[in-house]
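Take a look at the letters that make up each chain.
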Amino acid sequence: MTKSTNGVSRFSSALKIYLINMKAKKIAIIGGTGLTQLPELDVISEQVVETPLGPTSGLLTEGKWQGKDIVFLARHGHPHSVPPHKINYRANLLALQQCGVDTIIAVNAVGGIHPLMGSGVIAVPHQIVDYTWGRESTFFDGEFKPLDHIDLTHPYDNQLRQVLIDSADSCDFSLQDFGVYGATQGPRLETIAEIDRMERDGCDLVGMTGMPEATLARELNIAYASLCLVVNPAAGKSDGEITMDEIRAVLAGGMDQVKQLLAVAIERLQ
Ligand code: HPA
């Protein structure tokens, strides 16, 4: 057993296959920017799920992929229209739980801060710093549920992260098995000084939707991990300014790789 940079223990592959037989009854994929549909899904139903906390970002699409029960939800709606700070994260998570989801793979388009997080890189983050504000970020608000304080020492489910990381073995690309995700408010991108501060804080990636999604999944006891696709160098990490054209160019091919990885991971989840 060796220790990796992110403090997660690594095992030899034979032992790993034995250890990581993670059970997942129903898996949800929350698609972000660039993944508002999942044509690979053999659709069984598309439904509006009403929640006591309001509407979800869009329809919940249920179907089969790789023989598994999958629910797909586009975080920003389809077409992409709900900005990051206006997403009803609580309704999304509650609706997924009501559908019987016990495992969520979140897909997030992000900016890269760490030198290893260049455009087109896929990363499985292991930590989060939350810079968002004013978002409904808990079920335990004393109204919907009585006050409670959940543990978020490790914000992502480590077994699920490991399944995602190991799945890259069967893909024709590699991924980064670490990353501190800095969640910003958006929808604007950051200033150079803000990215410099985030770097000093230890952030490797910057995105707008990682929180409160991770918190809410933990509050509902749903295993949650994220697949981040770096679509641009963060502000100040390249010579020029960040353009949507540059982001769109990376999204097209990058999301194909994300889906390749998802297909392997889903097959491996039992
Ligand atoms: N900053 C914040 N969110 C993002 C970025 C970024 O540079 N790129 C994609 N999502």
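Criteria and cut-off values
- Residues numbered from 1 in each chain as written.
- Predicted model: local features only at pLDDT ≥ 70, side-chain atom pairs only at ≥ 80, totals over all residues.
- Heavy atoms only, no water.
- Core = buried A, V, L, I, M, F, W, Y, C linked by side-chain atoms within 4.5 Å.
- Buried < 20%, exposed > 50% of the residue type's maximum accessible area, 1.4 Å probe, protein only.
- Helix = DSSP H or I, 4+ residues; strand = E, 2+ residues; numbered from the N terminus.
- Contact = heavy atoms within 4.5 Å.
- Right-handed = clockwise from strand over helix to strand, strands pointing away.
- Pairing = 2+ DSSP bridges.
- Expected span 1.5 Å × (residues − 1).
- Bend = angle between axes of the 7 residues up to and from the residue.
- Near = heavy atom within 4 Å.
- Polar contact = N/O pair within 3.5 Å; in protein donor to acceptor, adjacent residues only side chain to side chain.
- Areas by Shrake-Rupley, 256 points an atom, 1.4 Å probe, with all protein chains shown as cover.
- Nonpolar A, V, L, I, M, F, W, Y, C, P; charged D, E, K, R; others polar.
- Salt bridge = Lys/Arg side-chain N within 4 Å of Asp/Glu carboxyl O.

Asks: What should I look at first to understand the nonpolar core in this one?
Replies: The tendency in soluble globular proteins is for nonpolar side chains to be buried as a group. In this structure, Ile29, Trp65, Ile105, Leu227, Val258, Leu262 and Leu269 are the most contacted members of the largest nonpolar core, which totals 41 residues. A total of 11 residues in this core trace back to one element, the largest contributor, which is helix H6 (residues 244–268). Apart from the residues lying within four places of it in its own chain, the contact partners of isoleucine 105 are Ile27, Ala28, Ile29, Ile30, Leu160, Leu164, Ala225, Leu227, Leu262 and Leu269. If you look at the next biggest cluster of nonpolar residues, it comprises 36 residues, including Ile30, Leu96, Ala106 and Ile128.

Asks: I would appreciate a short explanation of the pairing of strand S10 (residues 180–183) in the present structure.
Replies: As a general feature of sheets, a regular strand has side chains that alternate between the two faces. Residue alternation in S10 divides its side chains into two sets, Val180 and Gly182 and Tyr181 and Ala183, and both sets are buried. Crossover strand S9 (residues 127–130) to S10 through helix H3 (residues 158–167) is left-handed. Both S10 and strand S11 (residues 205–207) contribute to a ladder of three bridges, which runs parallel. Bridge pairing links alanine 183 to glycine 207 in S11. Traced from S10 through helix H4 (residues 192–200) to S11, the parallel crossover comes out right-handed.

Asks: Sorry, what's going on with H6 here?
Replies: Note on helix geometry: an α-helix contains 3.6 residues per turn, so any two residues three or four positions apart are oriented the same way. For H6, built from 25 residues, the straight-helix expectation of 36 Å at 1.5 Å per residue is met to within 8% by its first-to-last C-alpha distance of 35 Å. By the largest-angle criterion, leucine 251 marks the main kink of H6, which is about 30 degrees.

Asks: Would you mind going over the site of the ligand with me for this structure?
Replies: Around the ligand sit Ala109, Val110, Gly111, Leu189, Glu190, Val206, Gly207, Met208, Val231 and Asn232, and those are all the residues in its vicinity. Separating a nitrogen atom of the ligand from a backbone N or O atom of alanine 109 is a distance of 3.3 Å. Here a nitrogen atom of the ligand and a backbone polar atom of glycine 111 are 3.3 Å apart. For the ligand, the accessible surface in isolation is 260 Å², of which the surrounding protein chains cover 93%. The set of elements that each furnish at least two residues to the shell around the ligand consists of strand S7 (103–112), S11 and strand S12 (223–233). Examining the composition of the shell around the ligand, we find that three residues originate from one element, S7, more than from any other. The residue makeup of the shell around the ligand, split by class, is six nonpolar, three polar and one charged.

Asks: Would you mind going over the environment of threonine 33 with me for this structure?
Replies: Within the secondary structure, threonine 33 is located in the loop between strand S3 (27–31) and strand S4 (42–47). When the C-alpha positions of threonine 33 and asparagine 108 are compared, they lie 6.9 Å apart, and in sequence the two are 75 residues distant. Beyond its immediate stretch of four places on either side in the chain, threonine 33 contacts His76, His80, Ala109, Leu251 and Met255. Engagement of the side chain of threonine 33 in a polar contact is seen with the side chain of histidine 80, the distance being 3.3 Å.

Asks: Just checking my understanding: could you explain the environment of isoleucine 128 for this structure?
Replies: Within the fold, isoleucine 128 resides in strand S9. Residues isoleucine 128 and proline 155, spaced 27 residues apart in sequence, show a C-alpha to C-alpha distance of 7.0 Å. Leaving out residues up to four positions away in the same chain, isoleucine 128 has contacts with Pro155, Tyr156, Val180, Tyr181, Gly210, Met211 and Ala214.

Asks: Please clarify how the side chain of lysine 259 should be interpreted in this entry.
Replies: Summarising the element assignment, lysine 259 is placed in helix H6. A polar side-chain atom of lysine 259 sits 3.4 Å from a polar atom in the side chain of glutamate 40. Setting aside chain neighbours within four positions, we find lysine 259 in contact with Leu35, Leu38, Pro39, Glu40 and Trp65.

Asks: Any chance you could explain the pattern of salt bridges here in plain terms?
Replies: Side-chain pairs of opposite charge can arise where the charged atoms are in close proximity. For the structure shown, the criterion picks out nine salt bridges. Between arginine 90 and glutamate 136 there is a salt bridge, and its shortest N-O distance comes to 3.9 Å. Of the two residues, arginine 90 sits in helix H2 (residues 89–98) while glutamate 136 sits in the loop between S9 and H3, which places them 46 residues apart along the sequence. One salt-bridge network, in which partners are shared between bridges, spans Arg90, Glu136 and Asp141.

Asks: In this structure, what is going on with unusual backbone geometry? I would like to understand it.
Replies: Glycine aside, the phi torsion of most residues is negative, and most peptide linkages are trans. Geometrically, the link from histidine 78 to proline 79 is a cis peptide bond, its omega value of 5 degrees lying close to zero. Relative to the elements of secondary structure, proline 79 occurs in the loop between strand S6 (68–74) and H2. In this structure, proline 212 follows methionine 211 across a cis peptide bond, with omega equal to 10 degrees. Relative to the helices and strands, proline 212 resides in the loop between S11 and helix H5 (213–219). Phi at glutamine 66 takes a positive value of approximately 55 degrees, unusual for a residue other than glycine. When you line up the elements, glutamine 66 lands in the loop between strand S5 (60–65) and S6. Despite not being glycine, asparagine 221 has its phi angle at roughly 60 degrees, a positive value. Relative to the helices and strands, asparagine 221 is located in the loop between H5 and S12.

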